[in-house]
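Structure at a glance
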Amino acid sequence: MTMKEWAERWMEADVRPKVRPTTYEAKRYVLQNHILTKLGDIPLSDLTEVQIGSFLDERKRFGSHRPESAEYPGLSQVTMRHIHRCLQECLDSAVSTGMIPVNPARAFHYPTQRKVKASVLGDSEVEDYLDAAEALGYLPMFTLMLTIGLRQRELLALKWSDLDERTGILTVWSGRSVVKGKLKDYGGNTRQIPLSIDTIALLRQEHNRHPSSEAIFVHSGTRKPYAPAMVRLLHQRIIEKAGLDHIRFEDLRHTVAVHALESKTEAKTVSALLGHTRPYVGAAEVG
């Protein structure tokens, strides 16, 4: 049995019955986009500490890209911890069922990250950020991000069919993701978000740039949906141009939440916008 075959069995028999749909989809995303792309074809019983160590090191240094793509950033400690935890849980289950004698992923450890204080863009900083995004040609994507605070994977997996231009409603799917440059649906929940006329107009402009693509946002060169690392690189270019080096990509989502609350929007409404299962209460809830 290969690692991929075991992971699929583990997800359906062990994970799906015990967790919320959003948690299930998050684990599946990590498996499909990180773990199985490298380890999936290896027989489960042949996995070694050396193979896993090499895999973790490559992901940390290069992310989902090939080593020769040095301009792409590696993965953060937070993302590496998610990858390692998912791999460790999967192999722990294999040990408990007698498929393998020991878990080779337990030879590695990623410490819990110290709490990071989230930053929020002020009104003038939002304008500076969007001015820089426009100058670089990324205005539609990052306007949408700063309007409705999508998760990165939700942003990248949007389709034109998700937007009803007649009603102005955008349907966001929690269970869709980008896998090897293609959009893949895993089911999951949806939420509907009304967009402003100006935002819809920007999305129409984006559509005119690549009308044959099913994805709303695609790389201008490959005509495929953006990889997560590439979008973070675009964000880095924007903040450098705008002079806002204290803002992480995650802070864009936090900015939307805080500005909505400051405008007296009810916490329940903000939570629905962001796709939370609980009322929004602060930085720790933006995920």
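First, a word on scope: everything that follows refers to the structure included in this document. What you see is a predicted model; the values in this text were computed from it and never measured.

1. A word on a negative patch on the surface
On the surface, Asp123, Glu127, Asp128, Asp131 and Glu134 cluster together into a negatively charged patch. Residue position: Glu134 is located in helix α5 (residues 123-136).

2. Here's the deal with the nonpolar core
Counting 46 residues, the largest nonpolar core has Tyr129, Phe142, Leu144, Phe217 and Leu252 as the members making the most contacts within it. Of all the elements in the fold, those that place two or more residues in this core are α5, α6 (139-148), α7 (152-156), β2 (169-173), α8 (197-209) and α9 (228-242). Tyr129 has contacts with Leu121, Phe142, Leu146, His235, Ile238, Ile239, Ala242, Leu244 and Leu252, leaving out every residue within four places of it along the chain.

3. Describing the side chain of Arg191
Topologically, Arg191 is positioned in strand β5 (residues 190-194). The buried category is assigned to Arg191, whose relative accessible area is 12%. Among the polar contacts listed, one links the side chain of Arg191 to the side chain of Glu154, at a separation of 2.8 Å.

4. Let's talk about empty space enclosed by the protein
Taken as a whole and judged by the stated rule, the model has two cavities of 30 Å³ or more. In this model, the largest cavity occupies a volume close to 40 Å³. As for the largest cavity, its lining consists of Ala7, Glu8, Met11, Arg28, Leu31, Gln32 and Leu36. Secondary-structure elements contributing two or more residues to the lining of the largest cavity are α1 (3-15) and α2 (21-39). Per-element accounting of the lining of the largest cavity gives the leading share, four residues, to α2. Counted by class, the lining of the largest cavity contains four nonpolar, one polar and two charged residues. Space inside the second largest cavity adds up to approximately 30 Å³. Taken together, Glu154, Ala157, Leu158, Val172, Trp173 and Arg176 form the lining of the second largest cavity. Split by residue class, the lining of the second largest cavity holds four nonpolar, no polar and two charged.

5. Quick notes on the sheet that holds β5
With respect to topology, three strands assemble into an open sheet ordered β1-β2-β5, the strand pairing being antiparallel. Every other strand in the sheet has two partners, leaving β1 (163-164) and β5 as the edge strands with one partner each. In this sheet, β2 lies alongside β1 in antiparallel orientation, the contact comprising two bridges. Note on β2: the bridge partner recorded for Leu163 is Leu170.

6. Quick word on the packing of α6 against α8
The relative placement of two packed helices comes down to the angle between their axes together with the axis-to-axis distance. Their axes nearest at 9 Å, the elements α6 and α8 cross at an angle of 150 degrees. In terms of orientation, α6 lies roughly antiparallel with respect to α8. The handedness of the crossing between α6 and α8 comes out as left-handed. Of the residues in α8, those in contact with Leu139, Pro140, Thr143, Leu144 and Thr147 of α6 are Thr199, Leu202 and Glu206. For the contact of α6 with α8, the residue count by class is four nonpolar, three polar and one charged.

7. What to know about unusual backbone geometry
You will see that Arg223, though not glycine, has its phi angle at about 60 degrees, which is positive. As for its placement among the helices and strands, Arg223 is situated in the loop between α8 and α9. Given a relative accessible area of 46%, Arg223 falls into the partly exposed group.

8. Quick look at helix α3 (residues 49-62)
Because an α-helix completes one turn every 3.6 residues, residues spaced three or four positions apart along the sequence face the same direction. Here α3 spans 20 Å end to end across 14 residues, near enough to the 20 Å set by a 1.5 Å rise per residue. Buried within α3 are the following residues: Ile52, Phe55, Leu56, Glu58, Arg59 and Phe62. Buried residues of α3 fall within an arc of 165 degrees about the axis and therefore sit on the same side. Facing away from the buried side of α3 by more than 90 degrees, the exposed set consists of Val50 and Arg61. At the C-terminal side of α3, Gly63 shows a positive phi close to 65 degrees.

9. Points about α8
Here α8 is 13 residues long and its end C-alpha atoms lie 19 Å apart, about the 18 Å a rise of 1.5 Å per residue gives. Buried residues along α8 sit in contact with α6 and β1.

10. A short note on the packing of α3 against helix α4 (residues 77-96)
Put simply, α3 and α4 touch, their axes get as near as 10 Å, and they point 155 degrees apart. Relative to α4, the element α3 is oriented roughly antiparallel. Remark: the crossing between α3 and α4 carries right-handed chirality. Taken together, the residues of α4 that come into contact with α3 (itself represented by Ile52, Phe55, Leu56, Arg59 and Lys60) are Gln77, Met80, Ile83, His84, Leu87 and Leu91. The residue makeup of the contact of α3 with α4, split by class, is seven nonpolar, two polar and two charged.

What counts as what
Residues numbered from 1 in each chain as written. Predicted model: local features only at pLDDT ≥ 70, side-chain atom pairs only at ≥ 80, totals over all residues. Heavy atoms only, no water. Patch = residues over 30% accessible without salt bridge, like charges linked within 9 Å, V, L, I, M, F, W, Y side chains within 5 Å. Areas by Shrake-Rupley, 256 points an atom, 1.4 Å probe, with all protein chains shown as cover. Salt bridge = Lys/Arg side-chain N within 4 Å of Asp/Glu carboxyl O. Lys, Arg positive; Asp, Glu negative; His and termini not counted. Charge placed at Lys NZ, Arg CZ, Asp CG, Glu CD. Helix = DSSP H or I, 4+ residues; strand = E, 2+ residues; numbered from the N terminus. Core = buried A, V, L, I, M, F, W, Y, C linked by side-chain atoms within 4.5 Å. Buried < 20%, exposed > 50% of the residue type's maximum accessible area, 1.4 Å probe, protein only. Contact = heavy atoms within 4.5 Å. Polar contact = N/O pair within 3.5 Å; in protein donor to acceptor, adjacent residues only side chain to side chain. 1 Å grid on protein atoms, 1.4 Å probe; cavity = no way out; pocket = protein on both sides within 12 Å on 5 of 7 lines; lining within 4 Å. Points joined across faces, edges and corners; volume = space filled by probe spheres on them. Nonpolar A, V, L, I, M, F, W, Y, C, P; charged D, E, K, R; others polar. Pairing = 2+ DSSP bridges. Axes fitted to C-alpha atoms, helices over the stretch in contact; angles between N-to-C directions. Parallel < 35°, antiparallel > 145°, perpendicular 65-115°, else oblique. Left-handed = near helix turned anticlockwise from the far one by under 90°. Expected span 1.5 Å × (residues − 1). Arc of directions from axis to C-beta.

So yeah, pure geometry; function would need other evidence.
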